[in-house]
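The residues making up each chain are set out below.
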Amino acid sequence: QVQLVESGGGLVQAGGSLRLSCAASGRTTSSYAMGWFRQTPGKEREFVAAINWSGGYTYYADSVKGRFTISRDNAKNTVYLQMDSLKPEDTDVYYCAATPAGSGSYLRAISYNYWGQGTQVTVSS
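Notes on the structure in this doc start here. Since this is a predicted model, take the numbers as computed values, not measurements.

Enumeration according to the criterion identifies one disulfide in this entry. In this model Cys 22 forms its disulfide with Cys 96; the gap between the sulfur atoms is 2.0 Å. Measuring the twist about the S-S bond at about -80°, one finds the Cys 22-Cys 96 disulfide to be left-handed. In this pair, Cys 22 is assigned in strand β3 (residues 18-25) and Cys 96 in strand β9 (residues 92-100), connecting sequence segments 74 residues apart. According to the relative accessible area criterion, Cys 22 is buried, its value standing at 1%. For Cys 96, a relative accessible area of 0% corresponds to the buried category.

Put into structure tokens, the structure is as follows:
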């Protein structure tokens, strides 16, 4: 089993930055792909970014490309999401997810086996 705990959410003004962290425990995730998704209540979970096990490949939703950066530190079992130039439409609950490598499309929530509880990000205009 893998447990994921997100942190770093909060309230920020438009144009500001936040850095989300996702700490994994229970099993090393160094061979897992990791992803970030976001969700508004009543809507489907939306893909934000993903990174393969080594960090050599990253994937981004068009809506965040050029503003968000995903990275990982396998020694710390932690994945990060640096969010810059934030917009009010980025307001959401952000979830970290993990899946063994080769489990399907990293852009789809259904491919992920493990999820964190989420952290709220609010961007004021």
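That shown, we press on.
Here we take up the environment of Asn 77. With respect to the helices and strands, Asn 77 occurs in the loop between β7 (68-73) and β8 (78-83). Residues Asn 77 and Ser 30 lie 47 residues apart in sequence; the distance between their C-alpha atoms is 6.9 Å. Apart from residues no more than four positions distant in its own chain, Asn 77 is found in contact with Cys 22, Ala 23, Ala 24, Arg 27, Thr 28, Thr 29 and Ser 30.

Moving on to the pairing of β8. Two faces make up the sheet, and in a regular strand the side chains alternate between them. Of all the six residues making up β8, five are buried; the element is thus mostly covered by neighbouring parts of the structure. By the bridge criterion, six bridges tie β3 to β8 in an arrangement that is antiparallel. If you follow Cys 22 over to β8, its bridge partner there is Val 79. Pairing of β7 with β8 involves six bridges; the strand directions are antiparallel. Bridge pairing in β8 links Thr 69 to Gln 82. Between the end of β7 and the start of β8, which pair antiparallel, lie four residues, with Asn 77 showing a positive phi angle near 55°.

The rules we used
Residues numbered from 1 in each chain as written. Predicted model: local features only at pLDDT ≥ 70, side-chain atom pairs only at ≥ 80, totals over all residues. Heavy atoms only, no water. Disulfide = S-S within 2.5 Å. Helix = DSSP H or I, 4+ residues; strand = E, 2+ residues; numbered from the N terminus. Buried < 20%, exposed > 50% of the residue type's maximum accessible area, 1.4 Å probe, protein only. Contact = heavy atoms within 4.5 Å. Pairing = 2+ DSSP bridges.

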